[in-house]
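# An overview of the molecular structure
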Amino acid sequence: MSQSGLCQHCENAPASHTCPNCGSLVCERHFDRQHGQCASCLGGRQ
Ligand SMILES: [Zn+2]
Ligand SMILES: [Zn+2]
């Protein structure tokens with residue numbers, strides 16, 4: 001329980017968004033503000 005704030009997608013950048021769809025914490029890069037979802041929910045990859 002020491003991981004709070006890291007992007008669950010790349011685990012390499014501080015998470016700045018929470019996906020309302022799956023609840024994942026993701027960084028700016030992996031959150032699509034246009035769709036309001038994380039990269040996983042959007043396309044599955046990248
Ligand atoms: Zn990321
Ligand atoms: Zn998501």
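Our subject in this report is the structure included herewith. (Residues numbered from 1 in each chain as written. Chains lettered and ligands numbered in written order. Predicted model: local features only at pLDDT ≥ 70, side-chain atom pairs only at ≥ 80, totals over all residues. Heavy atoms only, no water.)

Turning to the overall build of the protein, a few remarks are in order. Helix and strand content of the protein: 1 helix and 4 strands. Going from the N terminus to the C terminus, the protein shows its helices and strands as β-β-β-β-α. Taking all 46 residues of the protein together, 22% fall into the buried category. Counted over contacts in the protein with a minimum sequence separation of 6, partners at least 24 positions apart contribute 5%. Accessible surface computed for the protein: about 3,600 Å², of which carbon and sulfur atoms make up 41%. (Helix = DSSP H or I, 4+ residues; strand = E, 2+ residues; numbered from the N terminus. Buried < 20%, exposed > 50% of the residue type's maximum accessible area, 1.4 Å probe, protein only. Contact = heavy atoms within 4.5 Å. Areas by Shrake-Rupley, 256 points an atom, 1.4 Å probe, with all protein chains shown as cover.)

Now for the coordination of the zinc ion (ligand 2). Coordination of the zinc ion (ligand 2) by the protein involves Cys 19 (SG), Cys 22 (SG), Cys 38 (SG) and Cys 41 (SG), with metal-donor separations of 2.2 to 2.4 Å. The site at the zinc ion (ligand 2) holds 4 donor atoms, and with the angles between them running 105 to 113°, its shape is tetrahedral. Mapped onto the sequence, the residues coordinating the zinc ion (ligand 2) show the spacing C-x2-C-x15-C-x2-C. With Cys 19 in the loop between strand 1 (17-18) and strand 2 (25-26) and Cys 38 in strand 4 (residues 37-38), the pair connects residues that are 19 residues apart, well separated along the chain. You'll find Cys 19 and Cys 38 in the same group, each marked buried. (Donors = N, O, S within 2.8 Å, 3.2 Å for Na, K, Ca; no water. Tetrahedral: all angles 85-135°; square planar, octahedral: opposite > 155°, others 65-115°.)

Take the coordination of the zinc ion (ligand 1) next. Those protein atoms acting as donors to the zinc ion (ligand 1) are Cys 7 (SG), Cys 10 (SG), Cys 27 (SG) and His 30 (ND1), and they sit at 2.0 to 2.4 Å. Each of the 4 donor atoms bound to the zinc ion (ligand 1) contributes to angles spanning 99 to 119°, and the resulting shape is tetrahedral. Every donor residue of the zinc ion (ligand 1) comes from the same chain, spaced as C-x2-C-x16-C-x2-H. With relative accessibility at 30%, the residue Cys 10 sits in the partly exposed group.

For Glu 11, which is not glycine, the phi dihedral falls at a positive 50°. Residue placement: Glu 11 occurs in the segment before strand 1. Here Glu 11 falls in the exposed class, since its relative accessible area comes to 53%.

Geometry only, nothing functional implied.
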